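Secondary and tertiary structure notes
What follows is each chain in one-letter form.
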Amino acid sequence: MCGIFAYIGDKEAAALLITALKRLEYRGYDSAGIGVHGVPIKVRKKVGKVANLEDDVSKAIDTVKGTMGIAHTRWATHGKPSDINAHPHATTQSSIAVVHNGVIENHRALKEQLSGKGYQFISQTDTELLAHLVEDLKGQMGNASWLEVVATALCLCEGAYGVAFIFQDDPDLIIGARKGSPLILGVGHGEHMLASDASAIVEHTKDVVYLREGEIVEVRRSGFKVHDLEKVVRKLGKNTISPRPDDVENPIVRLELSLEQIEKGGYKHFMLKEIMDQPNAMRNCLRGRIYQPAEAPDRWEIKLGGLEKAKEGALNPQSPLERMANACRFIFAACGTSWHSGLIGKYAFEKLAGVRAEVEYASEFRYRKPLICDSDCLIAISQSGETADTLEAIKMAKEHKALTIGVVNVVGSSIARETDCGMYLHAGPEIGVASTKAFTCQVIALLLMALRLGKQRGALSEEMLNMYCAALNAVPDSIEKWMSSLTEQTQVISKPCRLVDIESIAADPTYFVYYTGSGSPFYIGLMDRSSTHLSTDKLIPFGFDRSL
């Protein structure tokens, strides 16, 4: 849930860093901080809201002047929420500062080694270790560049990270790297940014580079260079063999995002905005994929471009759709809300396409030894396209030469790049923590896939396909019409909930709430049950009808 932003350019960094952190607030956090280049590096951080940090910075604005800096919102994993544990973390003399998303799993062992050398740690975090480790290695490696030193330090770390470093002795350098945690480079004119989320970048530029797994980037005002992290370290050992022989230049792409999309647009909060945006999001998901040919207006067609063409250079000449039609089994791998859309996908694939399907929670799937064969097809579902456990499930499937398909919302995300093929949701950015339009678009995408597969396999007659397509195409308009009346009904239903004494419910072991439903509505009930937290096991009653 943590957020990273870094800036290098010709503008005062402090205000830009604070604004970026506000863009990242939706991710959830307990503290925030910034570090601005200077001699020494100037760090300000505060527990609580970004507003607390903004107030602190405004009182010390003369001490945080500079045109390069890093910023972070923290969700505590190691150590309680506090000013000291907040990021950035710096060396004792504040000559190196770092912000970090992820977990360094071997931080205790590394920390003990550095403590034995006299390094003093003031926080309870795993991140502080990175600053001291880089400082220690720089002393050992002599004339090595900061790129080489940081790459060596990160190779010693086990776990996941998205990081950004700044250095007192180089006012024109930020180093970023990623492993298991997303990091995006924004490319401007004389200025660049690093961020964990595109929402922090879009007001500066729409030209971005999505760092791949295991990449490290040198960022300067004049430009940037992306490297393979392990290759940098191997070259230090005089071994120039790349661990990734197909290493290619990481291209600049355009963000499919506007500033208006990440603002509330007159709504009280983002979740309400995104609930009301569902009809439009579903239209975008359907657009160009379901249509009636001009020569046969009574017939419906489904075109899924990402599945109908074999990948250039692929060993298997069959298109992904042809491989899907011959697959023995479909595995839906996902986490959280996406797992629930996978349950509906299983129901649809079995009913509409007549294929065997199962749903796996990716965080469990990756730690088992699942039986996968090359005739299987794994469908990875994720709003962000960066879910670490789902990415690991993809890697496992590819090791067994199974077809991998991504169903993601974020263009250019890791899952989109790692899978053999896939579908984008085109739902637009989802800022609210509880998924709304991304979930409904996932369901739409999986239904389209099931219908197209049913046609490919001959499991659906032309008449049935036309009936389902007409009904699916009408869903956005129907939901838009229902919105006003459903809003009123929701207010009526929620009124008793607002009057409920939560402590009394928690103390009453006889108070239980039931969700009812059958077929696909049953899976909606499961999703609502898992995401409702009135108390540990007491739930508000709702019924689900397959006719809705």
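Residues numbered from 1 in each chain as written. Predicted model: local features only at pLDDT ≥ 70, side-chain atom pairs only at ≥ 80, totals over all residues. Heavy atoms only, no water.

Points about the packing of aromatic side chains
Note the following rule: Any pair of Phe, Tyr and Trp rings, taking the six-membered ring for Trp, is counted once the centres come within 6.5 Å. Such a pair is stacked with planes under 30 degrees apart, edge-to-face with planes over 60 apart, and tilted for the rest. Helix and strand definitions follow DSSP, with helices as H or I runs of at least four residues and strands as E runs of at least two, each counted in order from the N terminus. Burial here depends on accessible area, computed with a 1.4 Å probe over protein chains only, as a share of the maximum for the residue type. Under 20% is buried, over 50% is exposed, and the range in between is partly exposed.
The tally for this structure, following the rule as stated, stands at five aromatic pairs. Taken together, a centroid distance of 4.2 Å and an interplanar angle of 15° make the contact between Trp 146 and Phe 167 stacked. Within this pair, whereas Trp 146 is found in helix 5 (residues 146-155), its partner Phe 167 is found in strand 7 (residues 159-167), the two being separated by 21 residues in sequence. Residue classification places Phe 167 among the buried residues on the basis of a relative accessible area of 0%. Taking 5.1 Å as the distance between ring centres and 90° as the angle between the ring planes, the aromatic pair formed by Phe 332 and Phe 349 counts as edge-to-face. Of this pair, Phe 332 sits in strand 17 (residues 329-334) while Phe 349 sits in helix 10 (residues 337-353), placing them 17 residues apart in sequence. Here Phe 332 falls in the buried class, since its relative accessible area comes to 1%. For Phe 349, a relative accessible area of 0% gives the class buried.

Focus on the sheet that holds strand 5 (residues 89-90)
Convention followed: Pairing between two strands is assigned when DSSP locates at least 2 bridges connecting them.
Taken together, the six strands give an open sheet; going across it, the order is 5-6-7-8-12-13, and neighbouring strands pair in antiparallel fashion. Every interior strand has two partners, whereas the edge strands, strand 5 and strand 13 (223-228), have only one.

So, the pairing of strand 4 (residues 68-74)
Among the seven residues in strand 4, seven count as buried, and that is most of the element. The alternating pattern of strand 4 places Met 68, Ile 70, His 72 and Arg 74 on one face and Gly 69, Ala 71 and Thr 73 on the opposite face, and all of these are buried. Looking at chain direction, strand 2 (residues 31-36) and strand 4 are connected through six bridges and run antiparallel. Looking at strand 4, one finds that Ile 34 is bridged to Ala 71.

Some words on the packing of helix 5 against helix 6 (residues 229-236)
Heads up, the rule is: Every axis in this analysis is a line fitted to C-alpha atoms, fitted for helices over the stretch in contact. Angles between the N-to-C directions lie between 0 and 180 degrees. Small angles under 35 degrees read as roughly parallel and large ones over 145 as roughly antiparallel, with 65 to 115 read as roughly perpendicular and the rest as oblique. Note on definitions: a residue-residue contact is assigned when non-hydrogen atoms from the two residues lie within 4.5 Å. Each residue is assigned to one of three groups, with Ala, Val, Leu, Ile, Met, Phe, Trp, Tyr, Cys and Pro labelled nonpolar, Asp, Glu, Lys and Arg labelled charged, and all others, Gly among them, labelled polar.
Contact geometry for helix 5 and helix 6: axes closest at 9 Å, N-to-C directions at 105°. By the criterion of interaxial angle, the relationship of helix 5 to helix 6 is roughly perpendicular. Two secondary-structure elements touch here, helix 5 through Leu 147, Glu 148, Ala 151, Thr 152, Leu 154 and Cys 155 and helix 6 through Leu 229, Glu 230, Val 232, Val 233 and Leu 236. Residues belonging to the contact of helix 5 with helix 6 are distributed by class as follows: eight nonpolar, one polar and two charged.

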